[in-house]
Amino acid sequence: MIQEFKKVESVRGEIHLGGDKSISHRAVMFAAMAKGESKIYNCSASEDVTSTISCFEKLGCNFERDDDFIRVEGKGFKGFSEPSEDLYAGNSGTTTRLISGMLCAQNFNTVITGDESLSRRPMRRIVDPLRLMGGNIFASEHGTLPLRIAPSKKIKPTNYRLQVASAQVKSALLLCAVHLDEESIIIEPWSTRNHTEKMLGIKTEKSKEGTYIYVSKKNYPKPVEFTVPCDISSSAFFIVLALLTRNSEIVIKNVSINDTRTGIIEVLKNMGGQITIENFRTDNGEEVGDIRVISSELHNVEIPVEMIPNIIDEIPILSIAGVFAEGNFKISGAKELRVKESDRIKSLCDNFRRIGLSVNEYEDGFDLKGKISAQSVMFESFGDHRIAMASAVLGMLNETGGKVNGFECVAISNPNFLNQVESLL
């Protein structure tokens, strides 16, 4: 599907986005693991979260969808049933990696598969530490899907220092460790999103070596009514659009303001963006607020390497802000972008070259120079939802607009993107 975007003159209004994808995944998983009924309000309608629900349905869990919420009848401690077929995770790395930790503690065999993109993504990063805990889990010879998980002789507590800055790896270990009476300690050298810890009430302590995370069976999920705040990663596309479109002002309602996710706001404010948080509050351990954005003149700034894990998903749209900001844009320390839904470094550089920018590509990032010179540009999504939406915003900011090939992939995270844009015009 080729989607065309024209130059946008201004955006105004109030917008409600779908539930945060990362939090929705966890809300579904924890409700399924708990014993009894839970209700999840504003759960993400993304294809990724639908994949998580589908996997738990195959594990014997019942989901009832109402207009306002999803009712989940959780199976309780080790209460899942052996699936009659492979668990298909679609394009969702979060589904695959988090559910693997939980499945290592079950008493049956499971195989996890995914689509072509997910099947290229690295899985040894969870397989190796889970095997150290006693998990009977194997990846393919290439370290990718399918994952094969069999009953373990004994899952044991761990004292493990994370080797990559990944909330998915961390959460996989935590969801295995909640099945043990003994305490496990996960040491996180770099700050990554902490939704699992907050939603399960897991104790954390910060030190010079990083964050120490203490987890055991006392943190096993319990039934809950939970309202998922809106997705800050999806919000970022509208924040950048409003900042860079003249005479614009928008308010994005009920957004997750978790401190491990707000790096994008910090960077954009440092670039000169007029962004304020209103109606700040806490709901079920998660910080929530409304984001007000007013059009601004931006200038590029140095982005510290230690901030990269906090903004890794927002780098595609942040780089669009960099194109229109004063000065040259540079990102480094972001090698993790190479193993997302696409090789995002390569994908971004390819699209930026299409509009005539001078691009230097590095193993862990890229830099941009020059001004847009090409017209009637066809951007490529590379089957990657964040590349597609970033390209859409680029088209809406470009004087001659632009087209995005393969735009249908936005359904992976935000199937309502086009309607949301239309509501602000």
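That block above? That's the structure.
Rules behind the numbers
Residues numbered from 1 in each chain as written. Predicted model: local features only at pLDDT ≥ 70, side-chain atom pairs only at ≥ 80, totals over all residues. Heavy atoms only, no water. Phe/Tyr/Trp six-rings, centres within 6.5 Å; stacked < 30°, edge-to-face > 60°. Helix = DSSP H or I, 4+ residues; strand = E, 2+ residues; numbered from the N terminus. Buried < 20%, exposed > 50% of the residue type's maximum accessible area, 1.4 Å probe, protein only. Lys NZ or Arg CZ within 6 Å of the ring centre and 35° of its normal. Pairing = 2+ DSSP bridges. Right-handed = clockwise from strand over helix to strand, strands pointing away.

**Structural notes on the packing of aromatic side chains**
Geometry of an aromatic ring pair is reported as the spacing of the ring centres plus the angle between the planes. With the rule as written, the count across this model stands at nine aromatic pairs. On the basis of an interplanar angle of 70 degrees and a centroid distance of 5.3 Å, the ring pair of Phe 77 and Tyr 220 is categorised as edge-to-face. Placement of Phe 77 in the loop between strand S5 (69-75) and strand S6 (87-88) and of Tyr 220 in the loop between strand S13 (210-215) and strand S14 (225-227) is noted, with a sequence separation of 143 residues between them. Assessed through its relative accessible area of 10%, Tyr 220 is described here as buried. Geometrically, the ring pair formed by Phe 237 and Phe 417 is edge-to-face, given 6.5 Å between the ring centres and 85 degrees between the ring planes. In this pair, Phe 237 is assigned in helix H7 (residues 232-244) and Phe 417 in helix H13 (residues 417-424), connecting sequence segments 180 residues apart. A relative accessible area of 1% means that Phe 417 is categorised as buried. The residue whose ring lies beneath Lys 203 is Tyr 214, and the NZ or CZ to ring-centre distance is 5.2 Å. Note that Lys 217 overlies the ring of Phe 77, its terminal NZ or CZ placed 4.2 Å from the centroid.

**Let's talk about the pairing of strand S11 (residues 184-188)**
Two faces, one strand: in a regular strand the side chains alternate between the faces of the sheet. With four of five residues buried, S11 is to be regarded as a mostly interior element. Across three bridges, the pairing between strand S10 (residues 159-161) and S11 is parallel. Along S11, the bridge assignment pairs Arg 161 with Ile 187. Traced from S10 through helix H5 (residues 167-177) to S11, the parallel crossover comes out right-handed.

**Let's talk about unusual backbone geometry**
Backbone torsion omega between Leu 145 and Pro 146 reads 5 degrees, so that peptide bond is classified as cis. Note that Pro 146 resides in the loop between strand S8 (136-138) and strand S9 (147-150). With a phi close to 55 degrees, Asn 247 is a non-glycine residue in the positive phi region. Structurally, the position occupied by Asn 247 is in the loop between H7 and strand S15 (249-256). Despite not being glycine, Asn 254 shows a phi value in the positive range, around 55 degrees. By secondary structure assignment, the location of Asn 254 is in strand S15. When its relative accessible area of 26% is taken as the criterion, Asn 254 is described as partly exposed.

These results come straight from atomic positions and should not be treated as a statement about function.
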